[in-house]
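Tertiary structure, described
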Amino acid sequence: MKRILVTGSSGQIGTELKRLLIKRCGSENVVGGDLKAPPDEFMREGPFERLDVTCVKDMEQVIQKYRIDTVFHLAAILSAVGERKPQLAWKVNMDGLFNVLELARSHGCAVFVPSSIAAFGPETPKLDTPQDTLQRPTSIYGVTKVAGELLCDYYHERFGVDVRGVRYPGIVSNETLPGGGTTDYAVEIFYEAIRKGRYTCFLKPDTALDMMYMPDALNAAVKIMEAPSDKLIHRNAFNVTAMSITPADLAQEIRRHIPGFEIQYEVDPMRQAIADSWPDRMDDSAARREWGWAPEFDLETMTADMIQTLTPRLKLKS
Ligand code: NAD
Ligand code: AKB
């Protein structure tokens, strides 16, 4: 049985990944670690340690205390917050990753590290963005993601650390709100559509970006970690996507469920510039070929599920 540490376990992905891993491995085998406590409804789900990934001592104590053999390293600063606090983004994303990889090397842990569409930049092909291509991102978040991908490759090649990962697109979910990224509109829009019947979007209506529903994102993390090593040609930073959509596409699909839904646009130049520098649609054929990646949700099924799940919950709170 695996002994797992999820860093960033109070975040958008971490809360739900921890819950899924507990279902698979048992609550005593999955430890959450984060600077902040999890949302109330996640508080009782397995051990939680308040830890700072930039502090190697904190990290080592937790790894030793629970005899951890696998780390899902999700603690990070995302794109919009990163642009406001670039020094913090570098510190958390790079020092945190370095600490995790060093401890994985000395304690023999396997590691999952998510990269992002942010690892690409304006010179990268926007359509069918290849697995292996030019990566010159223009956000500090993207810079840390490319450097992180390279560091992971290095630790595998140089020290044999079993570190794997995917390049996630924007993740849409309904448990924990996103932590300050450029794709957050695709979550906020559902909450506002249900609560108020209208939403003001910070990206232009025709901004195409890759997106994915949370169940597929969780499945990708588990599946890549379980893939037979000898089948992997790449190992780290696999492109994965489920849909390429614009705010206008999402608004139109929401209108099929909430007919009077209205969307307005007040563009935030900083987040628009970041979105414009990212791919419109990635080619994820390497992940499909090498470890059988296949998303289950598209725009239609994700929208229906988001509205069905969120509506009773938000109505109850109002
Ligand atoms: P999030 O912002 O929701 O959660 C990150 C968590 O890390 C937060 O709970 C925060 O408190 C914690 N954290 C920050 N600094 C820390 C520190 N020094 N020590 C310990 N914990 C710290 O992010 P998320 O959306 O869950 O993203 C998880 C990972 O997935 C990140 O690496 C992110 O880059 C990547 N990713 C996310 C998306 C997405 O759309 N959510 C897309 C692509 C990649
Ligand atoms: C962000 O917008 O910063 C994240 C991501 C795509 O990495 N959601």
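For the structure itself, look to the data block above.
Residues numbered from 1 in each chain as written. Chains lettered and ligands numbered in written order. Predicted model: local features only at pLDDT ≥ 70, side-chain atom pairs only at ≥ 80, totals over all residues. Heavy atoms only, no water.

Further remarks concern the side chain of Asp-34. You can see Asp-34 is positioned in strand β2 (residues 30-34). The buried charged residue Asp-34 lacks any salt bridge partner; its closest oppositely charged side chain belongs to Lys-36, at an N-O distance of 5.8 Å. With residues near it in sequence (within four places) discarded, Asp-34 still touches Gly-8, Ser-9, Ser-10, Gly-11, Phe-48, Glu-49, Arg-50 and Leu-51. (Helix = DSSP H or I, 4+ residues; strand = E, 2+ residues; numbered from the N terminus. Buried < 20%, exposed > 50% of the residue type's maximum accessible area, 1.4 Å probe, protein only. Lys, Arg positive; Asp, Glu negative; His and termini not counted. Salt bridge = Lys/Arg side-chain N within 4 Å of Asp/Glu carboxyl O. Contact = heavy atoms within 4.5 Å.)

Attention shifts here to the nonpolar core. Soluble globular proteins tend to pack their nonpolar side chains together in the buried interior. If you look at the biggest cluster of nonpolar residues, it comprises 72 residues, and the most contacted ones within it are Tyr-168, Tyr-185, Leu-250 and Trp-291. When residues of this core are assigned to domains, at least three map to each of domain 1 (4-169 + 214-239) and domain 2 (170-211 + 243-280 + 297-317). When neighbours within four sequence positions are excluded, Tyr-168 is seen to be in contact with Ile-13, Phe-112, Pro-114, Ser-115, Ser-116, Ile-117, Met-212, Ala-217, Ala-220, Ala-221 and Val-240. Val-81, Val-100, Leu-101 and Cys-152 belong to the second largest nonpolar core, which has 30 residues in total. (Core = buried A, V, L, I, M, F, W, Y, C linked by side-chain atoms within 4.5 Å. Domains from an automatic or database assignment.)

Attention now moves to the sheet that holds strand β12 (residues 209-213). Within the open sheet, the three strands sit side by side as β10-β12-β14. Their pairing is mixed. The outermost strands of the open sheet, each flanked by one partner alone, are β10 (170-172) and β14 (243-245). Sheet twist, expressed as the average angle between the axes of neighbouring strands with direction ignored, equals 45 degrees. Running over the sheet, helix α7 (residues 214-226) touches β10 and β12 and is turned about 85 degrees from β12. (Pairing = 2+ DSSP bridges. Axes fitted to C-alpha atoms, helices over the stretch in contact; angles between N-to-C directions.)

Another point: the pattern of salt bridges. Inspection of every chain in the model, using the stated rule, returns 17 salt bridges. One salt bridge in this structure joins Lys-65 and Glu-49, with 2.7 Å as the shortest N-O distance. Taken as a pair, Lys-65 in helix α2 (residues 56-65) and Glu-49 in strand β3 (residues 48-50) lie far apart in primary sequence, 16 residues in all. By relative accessible area, Glu-49 is classed as buried at 17%. Close ionic contact of Arg-313 with Glu-175 constitutes a salt bridge, the shortest N to O distance being 3.8 Å. Highlighted residues: Arg-313 in helix α11 (residues 299-317) and Glu-175 in the loop between β10 and α6 (185-196), separated in sequence by 138 residues. Residue classification places Arg-313 among the partly exposed residues on the basis of a relative accessible area of 28%. Overall, the relative accessible area of 24% leaves Glu-175 in the partly exposed class.

Right, let's talk about the site of ligand 1 for a bit. Every one of the 27 residues lining ligand 1 counts as a neighbour, but Gln-12, Ile-13, Asp-34, Asp-52 and Tyr-141 are closest to it. Ile-13 has a polar backbone atom sitting 2.9 Å from an oxygen atom of ligand 1. Measuring from a nitrogen atom of ligand 1, one finds a side-chain N or O atom of Asp-52 at 2.9 Å. Isolated, ligand 1 exposes 840 Å² of accessible area, and the fraction of that covered by the protein chains is 93%. Contributions of two or more residues to the shell around ligand 1 are made by α1 (12-25), β6 (115-116), α5 (140-159) and β10. Residue classes in the shell around ligand 1 are distributed as 14 nonpolar, nine polar and four charged. Here the shell around ligand 1 spans two domains, and each of domain 1 (4-169 + 214-239) and domain 2 (170-211 + 243-280 + 297-317) adds at least three residues to it. (Near = heavy atom within 4 Å. Polar contact = N/O pair within 3.5 Å; in protein donor to acceptor, adjacent residues only side chain to side chain. Areas by Shrake-Rupley, 256 points an atom, 1.4 Å probe, with all protein chains shown as cover. Nonpolar A, V, L, I, M, F, W, Y, C, P; charged D, E, K, R; others polar.)

Backbone geometry places Arg-67, a non-glycine residue, at a positive phi of 50 degrees. Note on placement: Arg-67 falls in the loop between α2 and β4 (70-73). Its identity as a non-glycine residue notwithstanding, Asp-128 has a phi of 50 degrees, on the positive side. Looking at the element boundaries, Asp-128 is found in strand β7 (residues 127-129).

A word on the site of ligand 2. Taken together, Leu-78, Ser-79, Ser-116, Ile-117, Tyr-141, Gly-181, Thr-182, Thr-183 and Trp-278 make up all the residues around ligand 2. In this structure, an oxygen atom belonging to ligand 2 sits 2.7 Å away from a side-chain N or O atom of Tyr-141. In this structure, Thr-183 approaches ligand 2 through a side-chain N or O atom, which is 2.8 Å from a nitrogen atom. Looking at side-chain class alone, the shell around ligand 2 contains four nonpolar, five polar and no charged residues. A domain split of the shell around ligand 2 shows at least three residues from each of domain 1 (4-169 + 214-239) and domain 2 (170-211 + 243-280 + 297-317).

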